[in-house]
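Spelled out, the chains give:
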Amino acid sequence: MSESHQRQLLLASENPQQFMDYFSEEFRNDFLELLRRRFGTKRVHNNIVYNEYISHREHIHMNATQWETLTDFTKWLGREGLCKVDETPKGWYIQYIDRDPETIRRQQEQERKKKQDLDDEEKTAKFIEQQVRRGLEGKELEKPVYTELNRENEEEKVTFNLNKGASTSIAASSKTSSVLGPNALKVVEGAVKRKESAHSSGQSKEKKKKSALDEIMELEEEKKRTSRRDYWLQPEIIVKIVTKKLGEKYHKKKAVVKEVIDKYTAVVKMIDSGDKLKLDQTHLETVIPAPGKKVMVLNGGYRGNEGILESINEKRFSATIIIDSGPLKGRRVEDIQYEDISKLA
């Protein structure tokens, strides 16, 4: 038994209730700090956290606390609103609730950005619908107008001459044939070919119009397939530490992401001191450089592309960049939110 454990038992024997409360508070604080630092806000099995906690030599034993079992402690965390907890056939899972003001602010910004993206998608969908409607309206033929047949005089007879047009056409055709002689057939064939050519030309234009519309819809489908992710870390980007829990030494200081672990966690190297830290993405934020510097797109349809920052819109918290890599090189992308790009190291 270690010296610290002996001291804990000695103190507990003198005033059991007082030191049970003390040990309970210490156990709770250390457990939650490990959960926050190691797993962030990810859902994790309570046994995994507990086993890592007791692997530290100077830990508080659970039998010195107010909780008899790990399950009791897990349920208490849920009742107190410190964690989200849920029971499964594999046991209890816990998820840390981060109430840090900086984290809450960033979550609100993310919600605002998601709402803005949904509004943009609705606008695009309405635009496409209008284009389709205009295209269909252009193809509609004029409908015939039907009027009622009236006779001014009831004794007047109504006669229909259905063959008049046909006989006139035949007569005209025979006259033309007599004038043109043997070349009449060639003239008629040429006229038919010209008509067919004009018809096929109209069809090709219609196909072009359809293919352009299809292309717009395909682009929108591709945009949906490459929708936003809830993780954004990328190696070799510069980030800023926003959590205050590491002290003033690191708060608001810049670092370079050297490694990304499980999508949500990064190993960063401090620019000023060279220290290496392992942090969750909720404790970091992107860095926007001066115009003309290189950035990487971290989310959305252009995720993973490098670009050059062209300008900044401070009112909309957004930027305009020129893609500088890949097949989209040279494309100008406007209104990218600050949180979706970061300076490259």
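Numbers given to residues run from 1 along each chain, matching the order in which its sequence is written. Restriction of local features to residues with pLDDT of at least 70 applies here, the model being predicted, together with a cutoff of 80 or more for giving and counting side-chain atom pairs; totals for whole chains, interfaces and linings are based on all residues. Based on all heavy atoms of the structure, the side-chain values leave hydrogens and waters out of the count.

- The name given to the protein chain in an unreviewed UniProt entry is DNA/RNA-binding protein KIN17, with Bubo bubo as the source organism.
- As recorded by UniProt, the Sequence similarities (unreviewed entry) comment attached to the protein chain reads in full: "Belongs to the KIN17 family." UniProt positions are given in the numbering used here, feature names are shortened, and annotations may be inferred rather than shown by experiment.

1. Some thoughts on the side chain of R36
Next, step 1: Among the secondary structure elements, R36 is positioned in helix 2 (residues 16-39).
Next, step 2: Relative accessibility decides the category of a residue: with a 1.4 Å probe and only protein chains considered, values under 20% of the type maximum give buried, values over 50% give exposed, and everything between is partly exposed. Taking the relative accessible area as the measure of exposure, R36 reaches 5% and is therefore buried.
Next, step 3: Two N or O atoms form a polar contact when they lie within 3.5 Å of each other; inside protein one atom must be a possible hydrogen donor and the other a possible acceptor, and for residues adjacent in sequence the pair counts only when both atoms belong to side chains. Polar side-chain contacts of R36 include one of 2.5 Å to the side chain of E33.
Next, step 4: We call two residues in contact whenever any of their non-hydrogen atoms come within 4.5 Å of each other. If we ignore the near neighbours within four places in the chain, the residues touching R36 are Y96, K245 and H283. A run of H or I in DSSP becomes a helix once it reaches four residues, and a run of E becomes a strand once it reaches two; helices and strands are each numbered from the N terminus.

2. Side note on helix 3 (residues 46-54)
In an α-helix, one turn spans 3.6 residues; hence positions three or four apart end up facing the same way.
Next, step 1: Turning to helix 3, its buried residues are N46, V49, Y50 and Y53. Burial along helix 3 is one-sided: seen end-on, the buried residues are contained in an arc of 95°. The reported arc concerns the directions from the helix axis to the C-beta atoms and nothing else.

3. Quick word on the sheet that holds strand 4 (residues 238-241)
Next, step 1: One open sheet accounts for five strands, arranged 7-6-5-4-8; its pairing is antiparallel. Each edge of the open sheet is held by one strand with a lone partner, namely strand 7 (276-280) and strand 8 (284-286). With strand direction ignored, the average angle separating the axes of adjacent strands in the sheet is 45°. Two strands pair under a simple rule: DSSP has to find at least two bridges between them. Fitting a line to C-alpha atoms yields each axis, with helices limited to the stretch in contact; the angle taken between N-to-C directions then spans 0 to 180 degrees.

4. Thoughts on the pattern of salt bridges
Next, step 1: For this document, the term salt bridge refers to a Lys or Arg side-chain nitrogen within 4 Å of an Asp or Glu carboxyl oxygen. Enumeration according to the criterion identifies 13 salt bridges in this entry.
Next, step 2: The partner of E306 in a salt bridge is K294, with the nearest N and O atoms 3.1 Å apart. With a gap of 12 residues between them, E306 in strand 10 (residues 306-313) and K294 in strand 9 (residues 294-297) connect regions that are remote in the sequence.
Next, step 3: Accessibility expressed as a relative area gives 26% for E306, which makes it partly exposed.
Next, step 4: The shortest N-O distance in the salt bridge between R332 and E334 comes to 2.3 Å.
Next, step 5: R332 gets classed as partly exposed once you look at its relative accessible area, which sits at 44%.
Next, step 6: A single network of salt bridges, built from pairs that share partners, joins E33, R36 and R37.

5. Remarks on the packing of aromatic side chains
Next, step 1: Within 6.5 Å between ring centres, the rings of Phe, Tyr and Trp (the latter by its six-membered ring) count as paired, and their orientation is classed by plane angle as stacked under 30 degrees, edge-to-face over 60, tilted in between. Scanning all chains against the criterion turns up 12 aromatic pairs.
Next, step 2: Plain terms: the ring middles of F27 and Y53 are 5.2 Å apart, the flat faces sit at 85° to each other, and that makes the pair edge-to-face. Of this pair, F27 sits in helix 2 while Y53 is found in helix 3, placing the two residues 26 residues apart along the sequence.
Next, step 3: Here the aromatic cluster, defined as three or more aromatic residues joined through ring pairs, consists of F27, F31, Y53, W67, F73 and W76.
Next, step 4: We call a charge positioned above a ring when the Lys NZ or Arg CZ atom is no farther than 6 Å from the ring centre and deviates by at most 35 degrees from the ring normal. The ring of F39 is capped by R38, whose NZ or CZ atom sits 4.9 Å from the centre of that ring.

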